[in-house]
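Descriptive structure summary
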Amino acid sequence: NNSTMAMVLNENSTANDVATNLADDDSAGMTKLEPQTPRKKRNDETWLTWWGRLKDFQQEQGHLPSTSTVYRGKKIGNWVGSQRQNLSQVQKRGETNWRIEKLNEL
């Protein structure tokens, strides 16, 4: 839900802020995050960094990148391809998570 996402993410939010706020939010049918281990926290922060790059790319270019796109020296197209593959697997299992919610914002 976009209003919920707006509450947990703004231009000053860090990846940890978003993960913490999402973990605390069980409204709007959002999946709560499990308690964060150091590795999970690092993985979530890395994922949110890539998501931020994707959001910047879309705002600048007006579309999502192709799989071969390099943006600011990063292979953003490869990352998008991996997210599409992960989404397909998650949907087949009938699951949802906060990452899907974030991707759906774009």
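Read on for a plain summary of the structure. (Residues numbered from 1 in each chain as written. Predicted model: local features only at pLDDT ≥ 70, side-chain atom pairs only at ≥ 80, totals over all residues. Heavy atoms only, no water.)

**What to know about the overall build of the protein**
Note the threshold: A run of DSSP states H or I qualifies as a helix once it reaches four residues; a run of E qualifies as a strand once it reaches two. Both are numbered from the N-terminal end. Contact criterion: two residues are considered in contact whenever any of their non-hydrogen atoms come within 4.5 Å of each other. Note on areas: Shrake-Rupley, 1.4 Å probe, and residue coverage restricted to the protein chains presented here.
If you tally the helices and strands in the protein, you get five helices and zero strands. Secondary structure elements of the protein occur, N-terminal to C-terminal, as α-α-α-α-α. Summarising the internal contacts of the protein: among those between residues at least 6 apart in sequence, 49% fall at separations of at least 24. Approximately 6,800 Å² of the protein is accessible, and the part contributed by carbon and sulfur atoms is 44%.

**Remarks on unusual backbone geometry**
Backbone phi values are negative for most residues with the exception of glycine, while trans is the configuration of most peptide bonds. The following threshold applies: In this scheme, a residue with accessible area under 20% of its type's maximum is buried, one over 50% is exposed, and one in between is partly exposed, where area comes from a 1.4 Å probe on protein chains only.
At arginine 72, a position not held by glycine, the phi torsion is positive, near 55°. Assessed through its relative accessible area of 58%, arginine 72 is described here as exposed.

**Brief notes about the packing of helix H3 (residues 38-61) against helix H4 (residues 76-92)**
Heads up, the condition is: What counts as an axis is a line fitted to C-alpha atoms, over the stretch in contact for a helix, and the angles between N-to-C directions run from 0 to 180 degrees. Throughout, the term roughly parallel applies to angles under 35 degrees, roughly antiparallel to angles over 145, roughly perpendicular to angles from 65 to 115, and oblique to all others. With the far helix as reference, a near helix turned anticlockwise by less than a right angle produces a left-handed crossing, and one turned clockwise produces a right-handed crossing. Classification convention: Asp, Glu, Lys, Arg as charged; Ala, Val, Leu, Ile, Met, Phe, Trp, Tyr, Cys, Pro as nonpolar; all other residues, Gly among them, as polar.
With their axes 10 Å apart at the nearest point, H3 and H4 run at an angle of 115° to one another. By the angle between their axes, H3 is roughly perpendicular relative to H4. Between H3 and H4 lies a crossing whose hand is left-handed. Taking contact as the criterion, the partners of Trp47, Trp50, Trp51, Arg53 and Leu54 in H3 are, on H4, Ile76, Trp79, Val80 and Gln83. Of the residues in the contact of H3 with H4, the class split is seven nonpolar, one polar and one charged.

**Focus on H3**
Applied cut-off: Helix span is expected to be 1.5 Å times the residue number reduced by one.
Compared with the 34 Å implied by 1.5 Å per residue over 24 residues, the 35 Å span of H3 between its first and last C-alpha is a close match. By the burial criterion, the buried members of H3 are Asp44, Trp47, Leu48, Trp50, Trp51, Leu54 and Phe57. Looking one or two residues past H3, glycine 62 carries a phi angle of roughly 85°, positive in sign.

**Details of the packing of aromatic side chains**
What counts, and what does not: Only the six-membered ring of Trp is used, alongside the rings of Phe and Tyr, when aromatic pairs are assigned; centres must lie within 6.5 Å, and planes under 30 degrees apart are stacked while those over 60 apart are edge-to-face, with the rest tilted. Our definition puts a charge over a ring when NZ of Lys or CZ of Arg is within 6 Å of the ring centre and also within 35 degrees of the ring normal.
For the structure shown, the criterion picks out four aromatic pairs. Where tryptophan 50 meets tryptophan 79, the ring centres are 6.2 Å apart and the plane angle is 15°; that geometry is what we call stacked. Within this pair, whereas tryptophan 50 is found in helix H3, its partner tryptophan 79 is found in helix H4, the two being separated by 29 residues in sequence. Residue placement shows arginine 53 over the ring face of tryptophan 50; its charged tip is 4.6 Å from the ring centre. We note lysine 102 situated over the ring of tryptophan 51; from NZ or CZ to the ring centre the distance is 3.8 Å.

**Observations concerning the pattern of salt bridges**
Quick reminder of the rule: A carboxyl oxygen of Asp or Glu within 4 Å of a side-chain nitrogen of Lys or Arg is what we treat as a salt bridge.
Counting across every chain of the model gives five salt bridges. A salt bridge links arginine 99 to aspartate 44; the shortest N-O distance between them is 2.9 Å. Taken together, the positions of arginine 99 in helix H5 (residues 98-104) and aspartate 44 in helix H3 put the pair 55 residues apart, joining distant regions of the chain. A salt bridge links arginine 72 to glutamate 60, with the shortest nitrogen-to-oxygen separation between them at 2.5 Å. Here arginine 72 is found in the loop between H3 and H4, whereas its partner glutamate 60 is found in helix H3, with 12 residues between them in sequence. Connected via shared salt-bridge partners are Lys40, Asp44 and Arg99.

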